Structures are given as C-alpha cells and as structure tokens.
Amino acid sequence: MGGWPVLSVITWAPFVGAVLIMFTARHRPLLVRGIAVASTGLALLAALAIYATYDREAAGFQFYEEIPLVPPLGIKYQVGVDGMSLLMVLLTAIIIFAGSFASWTVKERSQEFYALLLVLVTGVFGVFVSLDLFILFLFYEIAVLPMYLLIGIWGSSGEIRPQGIFGWAMRRTGVGTKEYAAMKLTLYLLFGSAFILVGILALYVAGGSSSFSFLEMELADFPPGLQSWVFLAFYVGFGILAGIWPLHTWSPDGHASAPTAVSMLHAGVLMKLGAYGVVRLGMGLLSDGTQQWAWLVGSIACVNIVYGALSAMAQTDLKYVIAYSSVSHMGVVMLGAATLTENGLNGSVFQMFAHGIMTGLFFALVGLVYEKAHSREIFKMAGFGRMMPGIATAFTIGGLSSLGLPATAGFVAEFLSFLGAWQSAYPMWLFPGVLGAFLTSIYVLRVAKQIFWGPPSPDPHFHDLPDAEGPEWAALAILVFCLVLFGVVPGIALGPVDTATVPLLIRLGVLR
Amino acid sequence: MLEAGLGVLMIVIFFVGVWSRGEDRRRVGVIGAAGLVVLFGVAWRSEPGVALFGGSFVQDELAIFAKRLFLLATVIGVAGSLGLRAPTFARRATEYYLAILASLLGMLVLASARDLVLLFVAFELMSIPLYYLAGFLKRDEMAVEAALKFFLVGTVSSAVLVYGFSFLYGIAGTTDLRGIAAALQGGHPLMGLGMILALGGLGFKIAAFPFHMWVPDTYEAASTPFVAWLSVAPKAAGFIVIFRLYLEGVGDRAILWVPLAAGLATVTIIAGNLMAIPQQNVKRLLAYSGIAHIGYMLVGFAAVSADGVAMMLFYLVAYLFGNMGAFLVVEAVAQSEGSDSIAAYRGLAQRSPVLALSMLLFLLSLGGIPFVAGFWAKLYVFWAAAEQGLYWLVLVGAVLTVVALFYYLLVAKRMYIDAPEKSAPVVVTPFLTLSIFLCVVGVVGMGLYPKPLVMAALRAAAPLF
C-alpha cells in the first residue's frame, strides 16, 4: 500500500460520489444508486485491503498521511488508523455498502437522499481516521448535521399515538413525529458537540496552543484538575452520541423515525462513534481523568444495560424495540471500556463492531417488514415466517446474536466485556450486565415469536406478503455473513484490536 | 482621504438628486453605490499613515480595517436598497441615500477618533441619520413608533455616554484617549464609574442585554435592506469605540473589564437566544439572534487580549455577511409574498432552490456550522476566551449555540421539509440578487479559506496592546 493515500480514498470516495450524484444523476434513479454503490463499494474494498495489510506486529498508527492546513494554528489534515479505528472503518464500510442496497426503494427525491447519506458517511469515516482533534471535530459535525434533513424529509412518523395523562402534552409537542425526532436528535448531538469543543480547546490551550495533533497531545502531561473536568466534558459530549443514560432519549425517537439506511448507519455506526470518542480522546489522552471517573462511566453503563432492556420490553412498536435494544447494548460497550482491563476493553471494541452489524441488520429487516406489511405494530403482525422465510431467518440469527448465543459475534463481545467486569475493581458490575443479557432474550424472542414464528394473523391485510427481493438480499446476506463469521473466528478482529488496547492500558498504568 | 472622498460623493448625490426631474430618483442610489465601490477600492489600498490634529485623528491598522468593514457593509446595504419597490423610496431616494452616507461618514471618522470630543461628535453624526432612516416611511404608524423608540433610547444612551465621559475628563484632565489610558493606571474610583457609565451608553448602541429593547421593534418596522445595514455597521462602530476606550494603551489594567465583559456577554447570549425562540416573524427572530451574536462578540472583548480583539473583528465580518445576507433574503421573500412571517418560507427549497440554499448557508453561518464563515468566528472567539482561562464562558456560549441552531433550523425546516403552497418561484430583483450573491461569496469564502482575514484581523488588533 506504500504511497497510496488509502485512508483519504476511503474517506472521500463517498463524498465524491455525493458530488457526482448531485451534478450528473438528476432524474436518473438507477444512476444515483449505481454511483452510491460504486463509491461505497470502493470504500469497502479499500477498507478490506487495509484490514488485510495492516501490520499486526508493528501496531500503532499506520497508513499515516499528513498535510498542513492552517500552519499558524497547528491544524493539520492528519490521518492514520490503529487496530481499533481499523475495525471501525471496516464496520462503517460494511454498513454503508449494505445500506445503499437497503434503501433501494426510496422514491421521493432519491438523488438528494443518497447525496446526503454519502456526505454523512464521509463524516463518519473522517472521525475514525482523524488524528488531528480539530479535523476530527469538523468531521463529527458533518456526521451529525445531514441527519436533520435525512430524518425530517425521508423519515416516518410512528403510528402509535401517545395516550394517557401525558398524551395531551405529547401531542402538543409533536412527540413521535419525524419532525420532532429530527430536531431532538440534532439538538442533543450538537449539545454534545459543544462539550467536545470546549474539551478540545482546553487541551489545545493547555498544550501550548501549538498543535491539535493527537500524537503530540499523547506526549503532553496535563494537570490532574484539567484532566478531571475535560474527561467529563468528553464523556458527556461523546457519551450523548453513545446513548448514555439519562441522555439517551434522542436515540429511540430518532432511530424509530429515520429511514432504513439512516437508522442502520446511525444506530450501527454513529453511536459507536460516541463510544470511540470516549475511548480514543477521553481514555487515550487523559489517564488521570479516566482513573478518576471510571466508576461513574461503568455505573451509568450498568443503568443503560438494564434500563434499555426494560424499556425495550415495554414497547409495542417494532422499531422502538430495536432502538431501545441499542441503548442497552451500548451500555455493554461503555461497561467494557470502564473496566480498564484488557478483556473488557477488547470486548468493548468488539461489541462496537458486533452491535453495529447486528443493529444494521435489525433496522434493515424492520425496514423491509414495514415496506411489505406497512406496519410496525408488533401485536398486529403475526406469522410472517411462512410468507417471508428469508427475512424471518435473518431476524432470528440477528436476535440470537443480540442475546449473546455462542457462535455469533454478540456472544464473544458480551463474554469478554463481562469477563472484564468481573476482573475489574468493581466485580458487582457483572450482575446488571448478565441481567441485561437475560432481559434481552425475553424481548427478542417475544418479538420473533409474535411476528415471525407464531400462528398467522387473521387480518387479510397481512396475507400474501412477498419476501425480500433483488438488491435487498445483498444487504441481508452481507450482514448475516459478518455476524456469523466474526462469531466463529473472533480472532480476525481481536488480533488488531489487541494491538490498540494494550498500549492504551499501558498508558493508563493498568498493564506493564 | 476616505472622508473627503465621501463628502464629495454626498455633494454629487445631493445635486444630482435636486436636479433630477420626475418621480423616480433611484439613479442617485446607483451613483452612490458606484461611488462607494470606488471608495472601498481606495480603502483597500490605503496604508497606515500619520496622525492628524495632535493625535486625535489616527489612521492605524485598526482604523483601516474598520473603515473597510463599514464601506463593505454600506456597499451591500445600498445595493440591496436599490431593489426597494415602494414609491416612497423612488421619490425620496436622495434623502435616503444621503442619510445613509452621512451616517457612514460618522462611522469613518469614529474609526479614527482618539479624542473624547471627536469620538462623541462622530458618534452622534452616525446615530442621528439612523433615527431618521428608521422612521423613513413616515405615514406608516409602526415605523413612526419604531423610530421614536429608537430615538428616545438612543438619545438617553448618548446622554449616559457623555455623562460617563465627563467623569473621565474630570479625573484625567484631558480628552485625549492616551491621557485617559494613563490616568486609568492611577486607579481612581471615579474613573471606574465613568468607564462603567460609558459602557452602559455603548451597550445601547451595540444592543447588549439589558439595553436591547429598541432592537426588535425597530427592525420589524424599518425597511429591510436598511435594517440589514443597521444590524451590522453601527454595531461594529460601537465595538471600535469599545476597543479604543477600554483596551488601547490600557495594558494590564484591562484585566479590570474581564468580569464586566464576561457578565455582559453571558446575559446577552442567554437572553438573545432564548427570546428568539418564540418569534414568528423572521425579522424579529433575526433581531433577537443578532443580540445573541453581540454577546458572542463580547466574549472576544472579555478575553482582553490582542487575540480576543482580532477574533472579534473576524466575527464582525462573518456576522456582516451572514446577517446582511439573511436580511436580504427576507427582503426578497417579502417582496414576493408580502409577509415577513416564517410561514412564508414554506417549501421555498422547491420553489426557488438557489434562494433557499443561500438562506440555509446564512443561517448555518449564523449558527456556527463548519465550512461557512460563522464557524470560524465562533471558534476563534472561544479560543481567545479559552486562552484567558474563561472556560465556563466558552461552555455557556457553545451550549447556547445549540439553542440558536434550534430556531435557525425551524426556518430551515419550513424551507426544506414542508411542502410549498404554490409552485411559482420567488422573483428577485437584479440588485438584490447581486447583494445576496456578494454575501454568499463572503460566507463561503471565509468558511473555506479564513486565513487571510485572520491575519488581517491580527494585524489590526496588534497596535492596541
């Protein structure tokens, strides 16, 4: 790969695709999809290539590129990947490639839809590969903003209207509508970015106002008082995106209202971006702050796991079930990170990947079901397994991974995280974690039984529904394949991840 | 000399206006705009020069930067005004443009003034035509009310300002600002009182909370291109006075102003943003959001450093393009729809995609989103404040940016998400198109390549410390 700016190719290929779509493919829907698949396919191929050629012995940041942008302020376009970001780049590439197929049926203004989606992905790739905190922040904003239009224009409003004593107030504020969800999501995430910006500026000034580079800040020794509050700022800022309780409420609303590909990308990748930010910036730069606040991060993660699972059990809207299960699973990610053990941190990163694929699969399936049956209400639908065996099978495999069945990616991730929790300074964290896995099996199996495997619904509206067709199969096949592959041979992911987590733990003073 | 050139231009306009026949005197506006472009070119090439009148009139880097800014704002404002359609503007065009230029003359002198008396005279020369212009539609009750409110508040603030100046003169024994800066080192309590009173008076001019109440009414009633200019140029002039009075030559004692400026910035940001939320009229919304922007600029003042001043100057330019552009789009929509309400923007993206995209860019710039000017502006003032250790102020500012984005996005939602009620595109007059285009170029250009302007702002701010 010597000499090739391969990370820039991955990052900017979707952006070029977006520009091409806007300028060449007006009123030609097939060309729009062709460009989208080609540009994300290129990114996926490049991501697979760097995944294969990443030097697992050398570790550290590889495929490094640097271009000075604003020399007086020390802003550089500086990209590189280590084992952790490598896996995240691969995840993003898989999800967006599958997502381009999953949204094949978008009809209204599909040109703008695909263009915005590809711009969004550029932002996500950019955050994962940036080593300059300032550029990272810019990419973060690119990843957040198109979401407003994507949900606001192409989203769907929930069919279940709020009831009960809060029903009136909720109807007044438009809870459950796509406009409400779009605004809520955007404001929450921008609120988080305000904290991130303050944190980055504080580190920049404390480091002598000369560089935003992660590599240089890693060498600096920040005073403990500064570390303490900057860590909290990063934790709140990125944590909102990772869905930490009690700042998670944007996530169910947003994910339930978003169109299929956006839900896939947002729940599958963007929430990981939050967790990645906490681990990379918070833990990677602020070792004292991490030691000081690990108890808080872990405890809130436990709340996330149990609270998210309980909320998912109470939902009657299929998309909300999946959205709350994301909140629960992101708790596992944060819990693994907070354990500050090698197993826990590996489990955390692995869970980011596993949950990304799993949730991407779930949202793709929910989108398909909604498109065929025009319903998201769990208790109206029944017995779809006979009519759409492919979708039913994929849902069941995803569900089994979600509840942590061995031989799926979800098992490896949860096992490692819980093992880490038991080895950490707070072994009791294990119990809420395992309780969450138990509750997950309840709500997943309940949904699978009701919608797919139970007796058929008497409603004639739900008879004779088609299975997935054409490009939709591509999306499902890719995701199910990854889920099983990484469950059976987790070593292909854990190898590179270990090269990133061990140096991090050495820096934190946990390992020697 | 710019001021002399402007004087000549005013005389030319006056005689052309007097000798024109017929009801339509809009050609004087064209002459005015052309003359301003020439003057802007002269300002672009002017170099720092000697001080005149015993040092009370200086031509330093700050003065030149400020003059370029005033001229640029006036060029855009006048070009935007050329598209005004009401017959009053055609018949009384001479008065309209003369008043704008008179006010501009006040600003130009103000930028160079380093003497209390000259400062105050220039200030009044700037302000009085503004009162007149606010009430230009004299048969419109709302305009008269707005002009009266503006006038009363403005004169009271001038009185407060002069009252403050009297203390300064009384203690320092001189009207020269260098002498006052030197006297401030003595730490006399009445000196502090004078400075605080003057800041109150200036607070009215820049419309900082709690001195802001004239803003929404005046903006709503006055003609929109004038408001676009009013929302930028006089505010910038107010800030130049603040620099001269509070920072130039004051040295370490400037640290005195940190709590004052930071407090003023905090309340202004919070109040402006919160009051903008319920607005249904775009002009009122922009008025309140403008108040919030003044708060963000005060963050740069609170940093009391050369960086802070420079970043504030940068912010002013970003605000010039973003805010004037937004107001000019409002004018374009109002001419076509006859309404300033947010509801008039329904489905604009499908009716006039280019106009809607321009508005979106302006709103994103005002909201501080990357790749348009406003982002760098906010980032730079925050950076200046962070250097001073004011992290809490940065946090307040950054969090309130989210509130601002909420109401900007409400407008964006109308334009992009809602379906249009009719399909005919909005008709925009050529002059208005031109001035909106200038603003778009400014917003995007500064967003993509901010470096030259940052360097210019840093050069302008350097002699103050």
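The model shown is predicted, which means the values in this text are computed figures rather than measured ones.

Rules and cut-offs
Residues numbered from 1 in each chain as written. Chains lettered and ligands numbered in written order. Predicted model: local features only at pLDDT ≥ 70, side-chain atom pairs only at ≥ 80, totals over all residues. Helix = DSSP H or I, 4+ residues; strand = E, 2+ residues; numbered from the N terminus. Rg over C-alpha atoms; globule rule 2.2 N^0.38 Å. Buried ≥ 20, exposed ≤ 12 C-beta atoms within 10 Å, placed from the backbone. Contact = placed C-beta atoms within 7 Å. Expected span 1.5 Å × (residues − 1). Bend = angle between axes of the 7 residues up to and from the residue. Nonpolar A, V, L, I, M, F, W, Y, C, P; charged D, E, K, R; others polar. Axes fitted to C-alpha atoms, helices over the stretch in contact; angles between N-to-C directions. Parallel < 35°, antiparallel > 145°, perpendicular 65-115°, else oblique. pLDDT = per-residue confidence, 0-100. Core = buried A, V, L, I, M, F, W, Y, C linked by C-beta atoms within 7 Å. Left-handed = near helix turned anticlockwise from the far one by under 90°.

Q: Would you explain the overall build of chain A in this entry?
A: Looking only at helices and strands, one finds 20 helices and two strands in chain A. Expected size for 512 residues packed as a compact globule is a radius of gyration near 24 Å; at 22 Å, chain A falls within 12% of this value. For chain A, the proportion of its 512 residues judged to be buried stands at 61%. Within chain A, counting contacts between residues at least 6 apart in sequence, those at least 24 apart form 81% of the total.

Q: What exactly am I supposed to notice about the overall build of chain B here?
A: When helices and strands are counted, chain B shows 21 helices and zero strands. Rg of the C-alpha trace for chain B: 21 Å, near the compact-globule value of 23 Å for 465 residues, within the 12% margin. When its C-alpha atoms are laid out on the principal axes, chain B stretches across 70 × 55 × 40 Å. The buried share of chain B, reckoned over its 465 residues, is 59%. The contacts in chain B between residues at least 6 apart in sequence include a share of 80% that link residues at least 24 apart.

Q: Whenever I open this one, helix H12 (residues 260-285) of chain A confuses me. Can you help?
A: Since the α-helix packs 3.6 residues into each turn, any two residues three or four apart lie on the same face. Residue and element names in this part refer to chain A. With 26 residues, H12 ought to run about 38 Å at 1.5 Å a step, and its terminal C-alpha atoms sit 36 Å apart, in line with that. At histidine 266, H12 shows its largest bend, some 35 degrees. Burial analysis of H12 places 26 of its 26 residues in the buried class, the great majority of the element.

Q: What is the right way to look at the interface of chain B and chain A in this model?
A: Counting residues at the interface gives 20 residues for chain B, matched by 21 residues for chain A. Considering each element in turn, the side of chain B that touches chain A owes the most residues, 12 residues, to helix H19 (residues 391-416) of chain B. Split by residue class, the side of chain B that touches chain A holds 16 nonpolar, one polar and three charged.

Q: How should I be thinking about the packing of helix H3 (residues 61-81) of chain B against helix H15 (residues 306-337) of chain B in this particular structure?
A: Axis angle and axis distance: for two packed helices, these are the angle between their axes and the distance between the axes, and together they describe the pair. Residue and element names in this part refer to chain B. Interaxial distance between H3 and H15 falls to 11 Å at its minimum, and their mutual angle equals 5 degrees. The pairing of H3 with H15 is recorded here as roughly parallel in orientation. When H3 is examined against H15, the residues Phe65, Leu69, Leu72, Ala73, Ile76, Gly77 and Gly80 are found in contact with a partner set consisting of Leu313, Leu316, Val317, Leu320, Met324, Leu328 and Glu331. Classifying every residue of the contact of H3 with H15 gives 11 nonpolar, two polar and one charged.

Q: Explain unusual backbone geometry to me, please; I cannot follow it from the model alone.
A: Backbone geometry follows two general trends: most residues other than glycine have a negative phi, and most peptide bonds adopt the trans configuration. The amide bond that connects A:Trp245 to the next residue, A:Pro246, takes the cis arrangement and shows omega of 0 degrees. Relative to the helices and strands, A:Pro246 resides in the loop between helix H10 (224-242) and helix H11 (250-257). Backbone geometry places A:Ala407, a non-glycine residue, at a positive phi of 75 degrees. Mapped onto the fold, A:Ala407 is located in the loop between helix H16 (389-402) and helix H17 (409-423). The exposure class of A:Ala407 is partly exposed, given the 13 C-beta atoms found within 10 Å. Look at B:Ala207: it is not a glycine, yet its phi comes out positive at around 65 degrees. Mapping B:Ala207 onto the fold places it in the loop between helix H9 (189-206) and helix H10 (214-221).

Q: How do you make sense of the confidence of the model for chain B when you look at a structure like this?
A: Interpretation of the predicted coordinates at a detailed level should be avoided for regions scoring low in pLDDT. In this model, chain B carries a mean pLDDT of 84, and residues with pLDDT of at least 70 account for 99%. Predicted as a complex, the structure gets a pTM of 0.82 and an ipTM equal to 0.72.

Q: Please clarify how the nonpolar core should be interpreted in this entry.
A: It is characteristic of soluble globular proteins that their nonpolar side chains tend to be buried jointly. Residues and elements named next belong to chain B. By size, the foremost hydrophobic cluster in this structure holds 402 residues, and its most contacted members are Leu110, Ala302 and Val381. The element contributing the most residues to this core is H15, with 21 residues. Those residues in contact with valine 381 that lie beyond four places of it in its chain are Tyr296, Met297, Val299, Gly300, Met311, Met312 and Tyr315.

Q: How do you make sense of H11(A) when you look at a structure like this?
A: Residue and element names in this part refer to chain A. Counting buried residues along H11, eight of its eight residues qualify, which places the element largely inside the surrounding structure. Every buried residue belonging to H11 is among Trp250, Ser251, Pro252, Asp253, Gly254, His255, Ala256 and Ser257, and all of these are buried. Those residues of H11 that are buried lie in contact with helix H6 (146-154), helix H8 (178-206), H12 and helix H14 (318-338).

Q: Where do I start with the environment of B:Ala134 in this structure?
A: Residues and elements named next belong to chain B. Among the secondary structure elements, alanine 134 is positioned in helix H6 (residues 116-134). Separated by 15 residues in the primary sequence, alanine 134 and lysine 149 have C-alpha atoms spaced 9.9 Å apart. Each residue touching alanine 134, except ones within four places of it in the same chain, is listed here: Ala146, Ala147, Phe150, Thr218 and Ala222.

Q: When you look at the environment of A:Gly208 in this model, what are you seeing that I'm missing?
A: All names here are of chain A. Positionally, glycine 208 belongs in the loop between H8 and helix H9 (214-219). Using a count of 10 C-beta atoms within 10 Å as the deciding quantity, one classes glycine 208 as exposed. As a C-alpha pair, glycine 208 and tryptophan 104 span 104 residues in sequence and 50 Å in three-dimensional space.

Q: Quick question: what am I supposed to make of the environment of A:Lys319 here?
A: Residue and element names in this part refer to chain A. Note that lysine 319 resides in helix H14. Classification of lysine 319 as buried rests on a count of 24 C-beta atoms within 10 Å. Sequence spacing of lysine 319 and glycine 123 is 196 residues, and the spatial spacing of their C-alpha atoms is 25 Å. Other than its neighbours up to four places away in sequence, lysine 319 contacts His255, Ala256, Val366 and Arg376.

Q: Sorry if this is basic, but what is going on with the packing of helix H4 (residues 110-129) of chain A against H12(A) here?
A: All names here are of chain A. The N-to-C vectors of H4 and H12 enclose an angle of 20 degrees; their axes lie 11 Å apart at closest approach. For the element pair H4 / H12, the angle class is roughly parallel. For the element pair H4 and H12, the recorded crossing hand is left-handed. Facing H4, whose interface residues are Leu117, Leu120, Val121, Val124, Val127 and Phe128, H12 presents Ala261, Val262, Leu265, Val269, Leu270, Leu273 and Tyr276. Considering only residue class, the contact of H4 with H12 consists of 13 nonpolar, no polar and no charged.

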